[in-house]
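Here is how the chains run, residue by residue.
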Amino acid sequence: MRLIIVRHAEPDYSIDSLTEKGWREAELLAERLSKLDVKACYCSPLGRAQDTSKATLKKLGMTAETLDWLCEFRGQIVDEENGGFCHTWDQKPRYWTSMDDLYDREKWLDNDIIKSANTVEQYKIVADGIDALLLKHGYRHNGKYYDVIKENRDTIILFCHFAVEMVILSRIWGVSPLPLWHGFVALPSSVTTLITEEREQGKAYFRCNAFGDISHLYA
């Protein structure tokens, strides 16, 4: 199968929609995605993702199922500098890179800073969400790979946000999201594509053959 993750186009956060440039990006994105044979589309409930999806859905003649867990990642931690809260994905590199646990696929969830607010709970919500969605399309999470319940060449599209995109990839690949949040950049309207590699019958792993692609803006 092919899993396409789209970040929303250039946002106007003040109204949770798109800028004038963002609407144009969404149109160019639609020109690209509408050429694909798409099985299903799923969308974040937030306005900027919903608005990004509209042109593509119109061209495809489809509707998207709205999934709450595709909204921007809600995980927070206690901000050591001011005692308040901050987004888990918005830490200073000097701070998070000093803790080796945050690189580990399992230990990062047991780190005291990560456990200081709601990150563990919110991560589980997204992990359970992507697991259920992939199972619906024939792939069951099994530790570090996927059991193929129903082999297929379906293409599904997720319209969402950068931070939750990294959480999805973290779950699929079985790695900590911290290096993904800070080591990758998915620009507005960018397209990330994963395809299943099934070298053993009934066993699959998701491989990325394009990350943060914005070639539709230049084509």
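Criteria and cut-off values
- Residues numbered from 1 in each chain as written.
- Predicted model: local features only at pLDDT ≥ 70, side-chain atom pairs only at ≥ 80, totals over all residues.
- Heavy atoms only, no water.
- Helix = DSSP H or I, 4+ residues; strand = E, 2+ residues; numbered from the N terminus.
- Rg over C-alpha atoms; globule rule 2.2 N^0.38 Å.
- Buried < 20%, exposed > 50% of the residue type's maximum accessible area, 1.4 Å probe, protein only.
- Contact = heavy atoms within 4.5 Å.
- Areas by Shrake-Rupley, 256 points an atom, 1.4 Å probe, with all protein chains shown as cover.
- Lys, Arg positive; Asp, Glu negative; His and termini not counted.
- Charge placed at Lys NZ, Arg CZ, Asp CG, Glu CD.
- Phe/Tyr/Trp six-rings, centres within 6.5 Å; stacked < 30°, edge-to-face > 60°.
- 1 Å grid on protein atoms, 1.4 Å probe; cavity = no way out; pocket = protein on both sides within 12 Å on 5 of 7 lines; lining within 4 Å.
- Points joined across faces, edges and corners; volume = space filled by probe spheres on them.
- Nonpolar A, V, L, I, M, F, W, Y, C, P; charged D, E, K, R; others polar.

K.L.:
Can you break down the overall build of the protein residue by residue, with the values?
P.N.:
For the protein, the helix and strand inventory stands at 6 helices and 12 strands. Expected size for 219 residues packed as a compact globule is a radius of gyration near 17 Å; at 17 Å, the protein falls within 12% of this value. In terms of its C-alpha atoms, the protein occupies a principal-axis envelope of roughly 50 × 50 × 30 Å. Split into buried and exposed, the 219 residues of the protein put 49% on the buried side. Sequence-distant contacts in the protein: of pairs separated by 6 or more residues, those separated by 24 or more amount to 64%. For the protein, the accessible area works out to roughly 10900 Å², and carbon and sulfur atoms hold 49% of it. Of the side-chain charges in the protein, 27 are positive and 33 negative, and the distance between the mean point of each set is 6 Å.

K.L.:
Tell me about the environment of Leu 60, and please be specific about residues and values.
P.N.:
Summarising the element assignment, Leu 60 is placed in helix H2 (residues 47-60). Through-space distance from the C-alpha of Leu 60 to that of Trp 108 is 40 Å; in sequence the pair is 48 residues apart. When sequence neighbours within four positions are dropped, the list of residues in contact with Leu 60 reads Leu 33, Ser 34, Leu 36, Val 38 and Cys 41.

K.L.:
Mind laying out the packing of aromatic side chains, listing which residues take part and the relevant values?
P.N.:
Two aromatic rings are characterised by how far apart their centres lie and by the angle between their planes. One pass over the structure, following the stated rule, counts 6 aromatic pairs. Ring centres 5.0 Å apart and planes at 80° place the aromatic pair Trp 108 and Tyr 123 in the edge-to-face group. Residue Trp 108 is located in the loop between helix H3 (93-96) and helix H4 (119-136), and its partner Tyr 123 is located in helix H4; the two are separated by 15 residues in the primary sequence. Like Trp 108, the residue Tyr 123 is buried in the burial classification. Members of the aromatic cluster, joined through ring pairs, are Tyr 139, Tyr 146 and Phe 206.

K.L.:
Just give me the short version of the layout of surface pockets, but keep the residues and values in it.
P.N.:
By rolling a water-sized probe across the atoms, one finds the places where empty space is left. The space that makes up the largest pocket amounts to roughly 240 Å³. If you go around the largest pocket, you meet 15 residues; those closest to its centre are Arg 105, Trp 108, Leu 109, Tyr 123 and Arg 171. Among the secondary structure elements, those contributing two or more residues to the lining of the largest pocket are H4 and helix H5 (162-173). Per element, the largest residue contribution to the lining of the largest pocket is 5 residues, and it comes from H4. The class makeup of the residues in the lining of the largest pocket is 6 nonpolar, 4 polar and 5 charged.

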